[in-house]
Structure formats: structure tokens, C-alpha cells
Amino acid sequence: MKDFKKEIASIISNVIGINDEELVTYIEVPKDVNMGDYAFPCFRLAKELKKAPNIIAEEIKEKLDITGTDIEKVEIAGGYLNFTISKLELAKVTLEEIDNKKEEYGKSNLGNGKKIVIDYSAPNIAKPFHIGHLRSTVIGGALYNIYKYLGYEVTGINHLGDYGTQFGKLIEGYKLWGEEYDIEKAPIEELTKIYIRINEACKEDEQILENCRNNFKKLEDGDKYCTEIWEKFRSLSLKEFKKVYDLLESKFDSWNGEAFYSDKMPEVIDILYKTGKLIESQGAKIIDLEEKGINTPCIIEKSNGSTTYATRDLAAILYRARTYDFDKALYVTSYEQVLHFKQVFEVAKLLGLEEKYTKGLEHVAFGMVLLPTGKMSTREGNVIRLEELLNEAISKVKEIIEEKNPDFAEEEKQDIAKKVGIGAVIFNDLSGARIKDEIFDWDTMLNFNGETGPYIQYTYVRTNSVLKKVQEIPSIEKVDFNKLLGKEEQNVLKLIYSFTNIIEQSTVKNEPSILARYLIDLSKAFSSFYNENKIIVEDKVTKDARIYLTYATNMVLKNGARLLGINMPEKM
Ligand code: ARG
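Worth saying up front: this structure is predicted, and the values here are computed from it rather than measured.

Engineer: Is there a simple way to explain the sheet that holds strand 4 (residues 115-119) in this structure?
Structural biologist: Note: strands within a sheet are paired through backbone hydrogen bonds, in either parallel or antiparallel orientation. With respect to topology, four strands assemble into an open sheet ordered 5-4-9-10, the strand pairing being parallel. The outermost strands of the open sheet, each flanked by one partner alone, are strand 5 (153-157) and strand 10 (361-366). If you compare each strand with its neighbour and ignore which way they point, the axes differ by 20 degrees on average. Strand direction decides the pairing type here: strand 4 and strand 5, joined by five bridges, are parallel. The partner of valine 117 across the bridge, within strand 5, is threonine 155. Across the face of the sheet, helix 12 (residues 309-324) comes into contact with strand 4, strand 5, strand 9 (328-334) and strand 10 while running at roughly 150 degrees to strand 4.

Here you go:
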């Protein structure tokens, strides 16, 4: 598709002789529509040219030749040159591209040849799959889809927390009281009870604590009994987690959790040892990171010889670099792990990997999920079972549908409730900048008129019913772009035009919220168009043009939502 930004950069380049590839990075999209479609700020040039920005703007404008281009108007505002694109051209370029690409609209090959590993979800075996893991699952899943859409080769990894000293405790608890608990029936709940009980017992009895530590050591050494129980815990927990993944339709290419690295850690320790940086401290082996501005050392081996979460992450980096040859490796977790990843990424530089790999490591941190009443936490006991929560979303929507559309078939109601309920939760997780804490409030996220998933779905359904009424989408040759020059039509077109760019920006910042916000903007723009204009009018030329715009909106909403992991109901 024709790139208006590039066109602008190229004519400016003709005037000032800086190459257009650099200039294109200067160009912005002004927030205020009265400032034109694109703005070229002259501030950066001011230093170089030793002139005031507004003088530069004027000088450029004077020499600028826009004849034969898609630019209709150039104006100066402060140190900016503001460009307005021909409305007709915008409509033509955008809708012809829709015709060309159809379902593939917005796809690109920007990422061809590049490999990305995304580490997300990663709940802990025998512990509840909590709302923070949900957020990781949703953000990671969206990034996964988005990178793929841009042509990257993506590997999604569920780095399960299936290892660590807590398993020594769980094994001990199970040994002592296993018979009392029905862990087949409700694995996570029952194992959590065992875990709490064994922790209490450890406090009372030093010997029990010692046994727990030994169990983990035994597990690391491949002891048969310990391994068998551990496997049982793992598979039962996974069965539970999969209920959530099924509801969210989450997919992973690899389920290699922490335990997978158990035999890969000696190499890490060996490499670190040889650097001379691995030092003893209070019986433990650590890497001091003071010099690197990190005050807490990275513990590689505990005093009892067992390994740590960090060591496993280091082994994983080594393995992933070798196996996937990644250009980027993203870790999607809450910001509570900022220090952990700072340490791990710093120590990774000692592993002797090519710089390309250590430079590609990135922590994609996100904020807490808060209940309107405060933080959700396992310790305080107000855990929310995720499967229950998602089902609650579904049943809440079901109630609304029963009320609004009592005569829909039961199956249909159920299908809509699922798509809208799950969509609402996903959208709520994605709509704010990821680093911000998120409030989990049913009324807000299920509001069909708010900035929510259901609002986007509702807009989509509106476009659908228009398209259903007319039955046939006119062919692009029949569309008279002159009928799409009004303010509402143009706002919709501008947004549709920028879809690919929005997707790209979402990856630059690893911020699916950019796409989520965009879908709200597009829904709002379409709603204004829809409210101001009748679509199915007498005049066939006007009607066809409006239908085509509706069709384009329909496709972008659907594709965009799918990238976020949200399915569209066909009616609601
Ligand atoms: N299991 C961890 C947790 O629940 C998250 C793991 C994230 N991934 C990683 N490679 N450390 O906090």
C-alpha cells in the first residue's frame, strides 16, 4: 500500500538533502485533526542547521513541490510543517488495499527472517493459576499473534514453574498425609492445603524441614519415588491449567518448564566458575553485581547445593539461543520480577554467548491486577480460581443476552456469551498500558457502551447486520471514492489506513494496548459515521460506497480483535 509518510519524506528530502529514510522517522501523526494528517517537526533540524524551527519550516515550505503528489495542503504551525493528504486518494488507496488483501489486510513481511521467543503464562505447578498469570497469558498471547502477523518466526514457551524447593516440601507433605487428600479430584486446592500444612510443620520441626530439603535434592538427583510423585503433581496441575487455556484458546509451542533445565545447569555453573566471577558467600555461590549497579547479588547455588530460579533462567537462555537462534527473547511477567530479570540478563553476559543474544533479552513487565477493594493475593486467601472467574464472565454475559435477545437459540446464546465474556476479560487485560496496574471490575469491563471488549464486538455486530442486509459487497470498481469525503467517513478511513502501522508500533513497544486502543478508536469512529449517515440509501452510488466502508471496518475489527485473542460473535 502506498505510504504517505514516505511520500512526504521524499519531497522534503528533495529540498533539504537529508535522506528520506531518516526523515521518515521524524514524521508524526498529530493528535489534533486540525493539524493535518501528518506533521514534520523541524526541531531536530534546528540544531544542525543553526536556525529557528519555524524559519526552517518556512524555508522548506517555500521550496516544496507538491504537484502530482497525494498531498493536498501544507501549512506551518509553530515549528511544524503540517501535511494534509488528498481525501480522495486516502479513500482510494485504503479501500483498494482492502480489496487486494481481504482477510490478510494489515499483514506484512516486516519480520521475515527474524526469530522471536516469547516466554509467557508460566504458572506454577501445584499452586493456583492466578490472575497475574492470566495477564501474562493474555499479553504474551497477543504479542505472539501480532509478531506472527508481521512475518516473524515466533516460538511461544510456557516456562512452567515445575521445579524448586517447594517440591521437596510437597513431596514430604504427600508422603505424610497423602491419603487424607483427594488430589485427583481437586489437585490445586488439595495440594495447596498440603503445602500450607507442611509449611506449618516445618516451622515446628527442624527434622521435617531437613527432610523437605533432602527430597528436593533427591528429586534433582533423579530419585525414583520423588520423581514419580513430582510427575503426578505436574500432570494433575496441567490438566487443571488446560481448562483455562481452552477457554482462552491459548497455544504454546513448547512446555519446557524449569525442570527441563535440571540437567543443563551444571554447564552454566561451570561457565560461570571459569569466568572467576562466581564467588562463595555464606556457603552459597553468587555473582556480585554491585559493579553493574545492581545491589543484590544473583544467587546461582544455595548453601545446600540446590539451584535457583535464576540458574534455571540462565540455562534456559543458553538453550534458547542454541535451539531457536533468537533475535529477541521476551519475558512476560509482572513488574515484581524486574530485579530478577535485571540480574539474570546481566549474568547472561558472562555465558560466552554472542552479543546478539544478550542484547535481544527483554523483560516485558506488567502491572498488578487489583480488585476494586485492593490487591489479590494468595497469602491472604482471597484467591480467585481463574476457571471460575472466566465462567463467571460467561454467565454474566449470558444473563444480559437472555434479557436483550430472549428469542435467540440456546446454542447461539451460549456461543455469544462465551465470546463476549472471555473477550471482555481479555480486553480488560490489554486496554491499558501494560505497566499500569489494572482494576478488575465486572461492571466496567462488561459495559457495552464503555471502552470495552463488548463495545468493539457490538460495533462489529452492527457492521455485520448491515452487510447481511445487503447480502452482497459491491466490487471495488463500483465504489465512487468521491462519496467518502465527509468528516466521519474520512475518520474511519484514516484509522483503517493506519492499521499496519499500529500493529508495527505494538511490537516496537511490545505493547498490545496500542492495538486495543486503536480498536476502540475505530469502533467510535465507525459509530459516529453510522449514527450520522444512513448506509442503505436510495442512491446506489452512495450506498455502495458506504457499504464498502462498512465492509472494510468489519474486516479490520475482526482481524484486530483476533490478534488480541478476542473472537467476534456474529450477532449479539
Ligand atoms: N513461574 C513464574 C511465576 O509464576 C514465572 C516464570 C516466568 N518466566 C521465566 N523464564 N522466569 O512467577
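The structure having been displayed, the exposition proceeds.
Engineer: Looking at this model, I keep getting lost on a nonpolar patch on the surface. Mind explaining?
Structural biologist: A cluster of nonpolar side chains, Tyr335, Val338 and Ile435, forms an exposed patch at the surface whose accessible area comes to about 230 Å². The exposure class of isoleucine 435 is partly exposed, given its relative accessible area of 45%.

Engineer: Would you mind showing me how to read the site of the ligand here?
Structural biologist: All residues in the neighbourhood of the ligand are listed as Asp119, Ala122, Asn124, His133, His159, Tyr309, Asp313, Tyr331, Thr333, Gln337 and Phe341. Aspartate 119 has a polar side-chain atom sitting 2.8 Å from a nitrogen atom of the ligand. Taking asparagine 124, its side chain carries an N or O atom lying 2.7 Å from a nitrogen atom of the ligand. In the complex, 89% of the free accessible area of the ligand, which totals 350 Å², lies under the protein chains. Classifying every residue of the shell around the ligand by side-chain character gives four nonpolar, five polar and two charged.

Engineer: I keep staring at the packing of helix 11 (residues 265-275) against helix 12 and nothing clicks. Help me out?
Structural biologist: Two quantities define a packed helix pair, namely the angle between the axes and the distance from one axis to the other. Packing of helix 11 against helix 12 leaves a shortest axis separation of 9 Å and a crossing angle of 95 degrees. The angle between helix 11 and helix 12 places the two elements in the roughly perpendicular class. Between helix 11 and helix 12, the contacting residues are Met265, Glu267, Val268, Ile269, Ile271 and Leu272 on the first element and Thr311, Arg312, Leu314, Ala315, Leu318 and Arg322 on the second.

Engineer: I keep staring at the packing of aromatic side chains and nothing clicks. Help me out?
Structural biologist: For the structure shown, the criterion picks out 27 aromatic pairs. Seen from their ring centres, phenylalanine 326 and tyrosine 357 are 5.3 Å apart, and the 75 degrees between their planes marks the pair as edge-to-face. Residue phenylalanine 326 is located in the loop between helix 12 and strand 9, and its partner tyrosine 357 is located in helix 14 (residues 355-359); the two are separated by 31 residues in the primary sequence. Using a relative accessible area of 10% as the deciding quantity, one classes tyrosine 357 as buried. By the ring-pair criterion, three or more aromatic residues cluster together here, those being Tyr120, Phe129, Tyr144, Phe241, Tyr245, Phe252 and Trp255. Cation over ring: lysine 242 sits above tryptophan 255, and NZ or CZ is 4.8 Å from the ring centre. Over the ring of phenylalanine 408 we find lysine 571, and its NZ or CZ is 4.3 Å from the ring centre.

Engineer: Explain the side chain of histidine 159 here, please?
Structural biologist: Residue position: histidine 159 is located in the loop between strand 5 and helix 7 (165-177). Classification of histidine 159 by relative accessible area gives buried; the value is 4%. The contact partners of histidine 159, leaving out residues within four places of it in the chain, are Asp119, Tyr120, Ala122, Asn256, Gly257, Glu258, Tyr261, Asp313, Ala316 and Arg320.

Engineer: Can you help me understand the pairing of strand 2 (residues 71-77) in this one?
Structural biologist: Each regular strand displays side chains that alternate between the two surfaces of the sheet. Pairing of strand 2 with strand 3 (residues 80-85), which is carried by six bridges, proceeds in the antiparallel orientation. When the sheet's bridge partners are listed, lysine 73 is paired in strand 3 with threonine 84. Between strand 2 and strand 3, which pair antiparallel and follow one another directly, the connecting turn spans two residues, one of which, glycine 78, has a positive phi of 60 degrees.

Rules used in this analysis
Residue positions within a chain follow its written sequence, with the count starting from 1. Restriction of local features to residues with pLDDT of at least 70 applies here, the model being predicted, together with a cutoff of 80 or more for giving and counting side-chain atom pairs; totals for whole chains, interfaces and linings are based on all residues. The side-chain figures draw on all heavy atoms in the structure; neither hydrogens nor water molecules are used. Only when DSSP finds a minimum of two bridges between them are two strands counted as paired. Helix and strand labels come from DSSP, where a helix needs a run of H or I of at least four residues and a strand needs a run of E of at least two; each type is numbered from the N terminus. Comment: axis = line fitted to C-alpha atoms, over the contacting stretch for helices; angle = value between 0 and 180 degrees taken between N-to-C directions. When checking whether two residues touch, look at their non-hydrogen atoms; a contact exists if any pair is within 4.5 Å. Note on patches: the residues involved have over 30% relative accessible area and no salt bridge, like charges join within 9 Å, and the nonpolar side chains Val, Leu, Ile, Met, Phe, Trp and Tyr join within 5 Å. To be clear on the numbers: accessible area is Shrake-Rupley with a 1.4 Å probe, and residue cover counts the displayed protein chains and nothing else. Salt bridges are defined by distance alone: a side-chain nitrogen of Lys or Arg within 4 Å of a carboxyl oxygen of Asp or Glu. Between buried and exposed lies partly exposed: a residue is buried under 20% and exposed over 50% of the maximum accessible area for its type, with that area taken using a 1.4 Å probe on protein chains only. We call a residue near a molecule or strand when any one of its heavy atoms sits within 4 Å of it. As used in this structure description, the phrase polar contact means that two N or O atoms lie within 3.5 Å; if the pair is within protein, one of them must be able to donate a hydrogen and the other to accept it, and residues adjacent in sequence are counted only when both atoms belong to side chains. Note on residue categories: nonpolar means Ala, Val, Leu, Ile, Met, Phe, Trp, Tyr, Cys or Pro, charged means Asp, Glu, Lys or Arg, and polar means any other residue, Gly included. Put simply, angles under 35 degrees are roughly parallel, angles over 145 are roughly antiparallel, angles from 65 to 115 are roughly perpendicular, and the rest are oblique. Note on ring pairs: Phe, Tyr and Trp rings are taken, using the six-membered ring of Trp, and paired if centres are within 6.5 Å. Classes follow the plane angle, with under 30 degrees stacked, over 60 edge-to-face and the rest tilted. Whether a charge sits over a ring comes down to the Lys NZ or Arg CZ being within 6 Å of the ring centre and within 35 degrees of the ring normal.

Without other data, these values stay purely geometric and don't point to any function.
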